[in-house]
Amino acid sequence: MLEAVSLLAPGRGLRRAPLAELERRGRDACADGPSSGGWAVAAEVMTPDGPRQLGTGRDPNAGEFAREKRAVKLDGAMAGSQQALGEIVAVVWLTPQMDRLFGEAPSGRRRFLDRLVYAFDPAHAGRVTAYERAMRERARLLKGEAGRPDAAWLNALEEAMAGRALAIAAARRDLVARLAQSCQAATGPFPRAGLGLDGDVESWLDDMAAVEAEEAVAAALAEARSQDAENGGAGVGPHRTDLLVRHMEKDMPAELCSTGEQKALLISIVLAHARLIALARGSAPLLLLDEVAAHLDAERRAALFDEIVALGAQAWLTGTDAGLFEGLETRAQFFQVREATVTPSADTRGRDDTKERT
């Protein structure tokens, strides 16, 4: 259910699964392949401007080459890209797999950061995709076996990469600066997170005008062609940037903190981000919190629940232990999921919880 809701935002959802893998498999489905019926998710979203109808899915008639392309509908009409979803609804999630975010490769932290940026700048997703596409095409040309690659085409690709690199880095810098302030202003039992970025492009933006930084990126790419041809990819660019997080009270990098402290830092960042979205957009994001309460002490669980209610956010919290949600009994609606069937829990039926379900 959480994955379905996550697909109402741009991107590949909270598992980053290929679109074909999302299709339902039943008794009649092939055991070693996806079904052929396609899939879709539809929702009515209440916004400050009124209700909007969203729909997205994979068209089973789109052909083999479109298996990883999503169709998007807004209010019954086809939209040109997934960016349109981000302009209507913001979705942020935490999953148990993200508990290791600070100790693993920078790529996961970049994806996490970009997901936070989408809520303020929906076009960011398209810029990241276009940058990565140009980088792959450049790498293909550099590794080509048919003589020297076309210099003019390489120049065009590198100029396109440089322009998008600056836009990506600028959007990340802006969000991190705002988010750091929101984290510093936070009170309560969750640790305050110090945030920063480690990347060449971001450093150049600190010291140069945007035009000069863009020229520096293009020049660095041109100079590194031989090395990039041997190593693959590109040695310079926002695809190498890392998000730096620090536990401010302990003055310690997040990756050196305990597992519980790292989870608390993640929650602190997500709550700070939700507050920023509520101020900027007039409504809080959808929060998808999978097993988020499992490793929190009673004080932090209560603080998390209070913060969600105060934000007025629609939050989907999952867990296998009903006792972890004590304190939410009169403020939330409870469901049970068994054998692919969702039913309201008997002890919450009939409650006036319209606000929480909006």
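Calculation notes
Residues numbered from 1 in each chain as written. Predicted model: local features only at pLDDT ≥ 70, side-chain atom pairs only at ≥ 80, totals over all residues. Heavy atoms only, no water. Pairing = 2+ DSSP bridges. Helix = DSSP H or I, 4+ residues; strand = E, 2+ residues; numbered from the N terminus. Contact = heavy atoms within 4.5 Å. Axes fitted to C-alpha atoms, helices over the stretch in contact; angles between N-to-C directions. Salt bridge = Lys/Arg side-chain N within 4 Å of Asp/Glu carboxyl O. Buried < 20%, exposed > 50% of the residue type's maximum accessible area, 1.4 Å probe, protein only.

Trainee: Requested: an account of the sheet that holds strand 2 (residues 50–58), with residues and values cited.
Mentor: Taken together, the 4 strands give an open sheet; going across it, the order is 1-2-3-4, and neighbouring strands pair in antiparallel fashion. Edge positions in the sheet fall to strand 1 (39–47) and strand 4 (77–78), since each of these pairs with one other strand and no more. In the sheet, strand 3 (residues 71–74) pairs with strand 4 via 2 bridges, with the strands oriented antiparallel. Counted as the bridge partner of K73 is M78 from strand 4.

Trainee: How would you explain the sheet that holds strand 7 (residues 242–247) if you had to name every residue and give the values?
Mentor: The 3 strands lie next to each other as 6-7-8, forming an open sheet whose pairing is antiparallel. A single partner strand is all that each edge strand has here, and the edge strands are strand 6 (193–198) and strand 8 (252–253). Where helix 3 (residues 106–118) meets the sheet, it contacts strand 6 and strand 7, and its direction lies at approximately 85 degrees from that of strand 7.

Trainee: Could you give an account of the pattern of salt bridges, naming the residues involved and the relevant values?
Mentor: Inspection of the entire model under this criterion finds 19 salt bridges. Notably, a salt bridge pairs R109 with D242, separated by 2.7 Å at the nearest N-O pair. Residue R109 is found in helix 3, and its partner D242 is found in strand 7; the two are separated by 133 residues along the sequence. Both residues of the pair, R109 and D242, count as buried. One salt-bridge network, in which partners are shared between bridges, spans R138, E158, R225 and D228.

All quantities given are derived from atomic positions and should not be read as evidence of function.
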